[in-house]
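Residues per chain, in single letters:
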There are 2 protein chains.
Amino acid sequence: MNKWITRFSTSTPLNERINRTLDKQVKLAVTGLSRSGKTVFITSLVHQLLHGLNSTHLPFFQIVNSGLLRGVKAMPQPDMHIPSFRYDVAVEQLCGELPTWPQPTSGITEIRLAIRYLSNKPLLKHVSPVSTLYVDIIDYPGEWLLDLSLLELNYEQWSKQIARACESEPRLSLSEKWRSFMDSLDPASEADETTMRQAASLYTDFLHDCKDSGLSLLQPGRFTMPGDDLKGAPLLEFCPLLKIPQDIDNQSSLFAEMKKRYESYKEHVVKKFYNEHFSSFDRQIVLADVLRAFNTGYPTFTDMRDAINMVMKSFQYGKSGLINRLFGGLKIDKILFAATKADHVTPEQLPNLENFLRAMVTKSYNNATFEGVRTETIALAAVKCTQAAYTTYQGQKISCIKGMPLQGDKPIALFPGDVPVEAPMPEEWVDGRFQFLEFKPPRLANIHGSGLPHIRLDRALEFLLGDKF
Amino acid sequence: MNKWITRFSTSTPLNERINRTLDKQVKLAVTGLSRSGKTVFITSLVHQLLHGLNSTHLPFFQIVNSGLLRGVKAMPQPDMHIPSFRYDVAVEQLCGELPTWPQPTSGITEIRLAIRYLSNKPLLKHVSPVSTLYVDIIDYPGEWLLDLSLLELNYEQWSKQIARACESEPRLSLSEKWRSFMDSLDPASEADETTMRQAASLYTDFLHDCKDSGLSLLQPGRFTMPGDDLKGAPLLEFCPLLKIPQDIDNQSSLFAEMKKRYESYKEHVVKKFYNEHFSSFDRQIVLADVLRAFNTGYPTFTDMRDAINMVMKSFQYGKSGLINRLFGGLKIDKILFAATKADHVTPEQLPNLENFLRAMVTKSYNNATFEGVRTETIALAAVKCTQAAYTTYQGQKISCIKGMPLQGDKPIALFPGDVPVEAPMPEEWVDGRFQFLEFKPPRLANIHGSGLPHIRLDRALEFLLGDKF
């Protein structure tokens, strides 16, 4: 059962001394909109580190490459009320005889790694101190960050925003059932539990349909990602009103009760997350599956861009704005914004993908840097499941990728399409322009001996943790 | 959908005036060990009150019987982060074409009723004020109260207590698998996640087996009744140690880590419940299915008695002891201790059942009264599913009960056995002395017209709420 734990070597060489005073701790938060690959990312990151001593798969992660690493170990996590990230379960799925992608997580989870390394500042002559960096990796749904903007809106403003979004496609059609139910209600009438429950349930269905259609901007975030403790609580049983009534002072009206629940949601859910978790993070990586948005078309692409910018806004808020005012500031000093599944494009396209990403979040990016937070953009693959290959088309050598498609038993060679340098105009989103396929995880011969194949995970690690050693 | 809501009459007679200043609120907490019938009790209580105007089924509940009741209505609950008690779902199961017992709840739930009534203190001459009593009914597992005693024990003391309990049957056999796993561990060895998880899982299995065998004293309470938000969190992944080691100062040893989790459980789970919920309750009813304990024999009977006394202790603690010291006292000023399923004995046995109950909790009972909390004991049936009947045995008329057994399609007449006045000696628990059968809910012709049949629910209401009008 414990094979995955690389134990510290039991004998410490005489010229190395453990120095507890040099021990440090860093809280590394991992988020992303759902299906962006958070679970796979963390599983791979943990696996790479646990095998850091054994191999040469992390050339750009200095502490490993320099030979100063002494060992990495999974440790009992410090926050005992947070569910554990089940690395053991995920790695079994990913590295089994028939590899499958691990089950996604739906709430917040945590795992702690202890990285023991040799400091290059000698203690005494010839005696280098060994110290430990404790890395607490915390995984939470990006949808929860979308809620931050609610803190700036009252119920009436938020309702108007949603009503406006439902005036155009694809939300216009998707919201039809919910809207026609809302039209049948009188906001001034006495609130009753059954009606509110039904309205909330239709609105939640609408959000799920949006999600299935590839949309990202889903508010309130807990309606699609509730976290189990709130299931069935009234603060999840409200929805926006399509028409805001004038001058209702009946405190038990539908309008008043919905408004109360909205405020309660902000108080008990949104603020609580910031107070209990967000405010303690040191480093943040935000994952996005940008390629999927390419596949589904212009409206879902812009929706994802808006959602990501809204997520990124959380970090700006933190330094000078809203969060600072409400919660007393953030500790986060580095943010990495990463496009996942970079193995779904040909190697030549990687720079384009990164440039595209940067353009996508330019505004957020600039602001965050301005506030003293270092931000970086990267395209990575936590687990690489394709190989670069070449094919010939009309006498020309064309770069393509080879892998096992998610649906299918035969490997295919695929030219997935060029990544544009900037967002195509609406009219340029023609069918079939992009075909970024999903692949099965690779079958690996000796998974317990070395790290998983990846793209640029070592660079991500270096940016996120490198300066902590 | 709203049939179950008895609306306030829309026209207020001229000699009645609504007086908001007389409005009051009471938090009525309902608890009991699992399977004691909490869900059925609350469903019936709500149903009786919603139909309070229409019928004469609550003769001992003064406010109804006096004709001063003006209407009862279900209202949006005040605590929006607590899941709602789904009365609508429960009543549909209980009162459908083929009635079934409603699904039990596993965590905390809430429902609010507004009782509008005529105060008998005239405002002006001939003008009686109408005021509202808001009753917030809060349902939570009795198992959670068993945890209170942990606050007085450190990890070593608690471990010893559990180890001792596992020295005799039935726990000796039930704990075998867990104990043999624990014997294979060295408490001084480095803690690792997988081992602790396995130990906790075997211990939880042991608790579930205890529960299935009819035992009640299951600690920690959240291991069998977790509440969803803590699933997979390390603070639920510990267990007692069978042998407490001497002088382990390694802070990452199995012993140290288990101890940390135990303390974290007390801090994040036990104290949190008291702070957030328990401390705000005004009235408490504790339900127990005493008859079931009779069926299963001496060890389960004494175990239930101990568990109930431990639960009752929570209320004593509150006034002068531990809770007071930790949380600043309790508001609870009335406790009703109720044996449920009183329809499973013949009517002649009811006084015996109540006497027996009283004897069972004499010690707790005396103490609670002493502390200024009014305590009362009652035998009740929230939903009566048997009829009194007579049979003749050797020329003698014998009282018995008739009902539809839970397993079966034909009604039976049953002589369930005499309820003893005091607990029988161990040697008197002969097989077949008691046969308290479970019954199906009754099929009711006109459930929306009047209250459900019950035994003494009106007396319970009068004790719990009567003085609030």
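Residues numbered from 1 in each chain as written. Chains lettered and ligands numbered in written order. Predicted model: local features only at pLDDT ≥ 70, side-chain atom pairs only at ≥ 80, totals over all residues. Heavy atoms only, no water.

A. Quick look at the relation of the copies chain A and chain B. Screw-axis analysis of chain A against chain B gives a translation of 0.0 Å along the axis, an RMSD of 0.0 Å, and a rotation angle of 180°. Seen this way, the second copy is the image of the first under a two-fold rotation axis. Interface residue correspondence from chain A to chain B reaches 97%, placing this contact among same-surface, isologous pairings. (Least-squares fit on C-alpha atoms with pLDDT ≥ 70 in both. Contact = heavy atoms within 4.5 Å.)

B. View of the packing of helix H5 (residues 155–165) of chain A against helix H10 (residues 254–276) of chain A. Residue and element names in this part refer to chain A. At a closest axis distance of 10 Å, the pairing of H5 and H10 adopts a crossing angle of 95°. Viewed along their axes, H5 and H10 adopt a mutual orientation that is roughly perpendicular. Seen from H5, the contacting residues are Tyr155, Glu156 and Trp158; seen from H10, they are Phe255, Met258, Lys259, Tyr262 and Glu263. Residue classes in the contact of H5 with H10 are distributed as five nonpolar, no polar and three charged. (Axes fitted to C-alpha atoms, helices over the stretch in contact; angles between N-to-C directions. Helix = DSSP H or I, 4+ residues; strand = E, 2+ residues; numbered from the N terminus. Parallel < 35°, antiparallel > 145°, perpendicular 65-115°, else oblique. Nonpolar A, V, L, I, M, F, W, Y, C, P; charged D, E, K, R; others polar.)

C. Seen up close, the environment of B:Phe294. All names here are of chain B. Looking at where phenylalanine 294 falls in the secondary structure, it is placed in helix H11 (residues 290–296). Along the sequence, phenylalanine 294 and tryptophan 429 sit 135 residues apart, while their C-alpha atoms lie 8.5 Å from each other. Setting aside residues no more than four positions away along its own chain, phenylalanine 294 makes contact with Phe301, Phe356, Val419, Pro420, Trp429, Phe434 and Phe436.

D. Up close: helix H14 (residues 350–360) of chain B. The complete set of buried residues in H14(B) reads B:Leu350, B:Leu353, B:Glu354, B:Phe356, B:Leu357 and B:Met360. The buried residues of H14(B) occupy one face: seen down the axis, they fall within an arc of 160°. (Buried < 20%, exposed > 50% of the residue type's maximum accessible area, 1.4 Å probe, protein only. Arc of directions from axis to C-beta.)

E. View of the domain arrangement of chain A. Residues and elements named next belong to chain A. By domain assignment, chain A separates into domain 1 (3–140 + 277–383 + 446–468), domain 2 (154–272) and domain 3 (386–428). Residue-level contacts link 15 residues of domain 1 with 13 residues of domain 2. Across the domain 1/domain 2 interface, buried area totals approximately 1200 Å², and carbon plus sulfur atoms make up 60% of it. By the criterion of area lost to domain 2, the three top residues of domain 1 are Arg35, Thr300 and Asp303, representing 34% of everything that side buries. (Domains from an automatic or database assignment. Buried area = accessible area lost by both parts, 1.4 Å probe.)

F. Just the pattern of salt bridges, in detail. Taken as a whole, this structure holds 54 salt bridges over all chains when the rule is applied. Between A:Glu110 and A:Lys27 there is a salt bridge, with the nearest N and O atoms lying 3.9 Å from each other. Note that A:Glu110 is positioned in strand E4 (residues 109–118) and A:Lys27 in strand E2 (residues 24–32), a separation of 83 residues in sequence. Exposure remark for A:Glu110: the relative accessible area of 0% places this residue in the buried category. Several salt bridges converge on common partners, so that one network encompasses A:Arg86, A:Asp88, B:Glu193, B:Arg197, B:Glu237, B:Glu257, B:Lys260 and B:Arg261. (Salt bridge = Lys/Arg side-chain N within 4 Å of Asp/Glu carboxyl O.)

G. Quick look at the pairing of strand E9 (residues 386–393) of chain A. When E9(A) meets strand E10 (residues 396–403) of chain A, the two strands line up antiparallel, connected through eight bridges. Bridging from a neighbouring strand, A:Thr386 pairs with A:Gly403 of E10(A). (Pairing = 2+ DSSP bridges.)

H. Local environment of the sheet that holds strand E10 (residues 396–403) of chain B. Residues and elements named next belong to chain B. Reading across from one edge, E9-E10-E11 is the order of the three strands in this open sheet, with antiparallel pairing throughout. Of all the strands in the sheet, just strand E9 (386–393) and strand E11 (412–414) have a single pairing partner and so form its edges. Averaged over all adjacent pairs, the angle separating strand axes in this sheet is 40°, with direction ignored. Pairing between E10 and E11: three bridges, direction antiparallel. Within E11, the position partnered with glycine 403 by the bridge is isoleucine 412.

I. Region of the structure containing the nonpolar core. Core analysis: the largest hydrophobic core is formed by 90 residues, its most contacted members being A:Tyr140, A:Phe278 and A:Phe294. Considering each element in turn, this core owes the most residues, nine residues, to H10(A). Three or more residues apiece are contributed to this core by two domains, here domain 1 (3–140 + 277–383 + 446–468) and domain 2 (154–272) of chain A. Of all hydrophobic cores here, the second largest spans 88 residues; its members include B:Leu145, B:Met182, B:Ala381 and B:Ile455. (Core = buried A, V, L, I, M, F, W, Y, C linked by side-chain atoms within 4.5 Å.)

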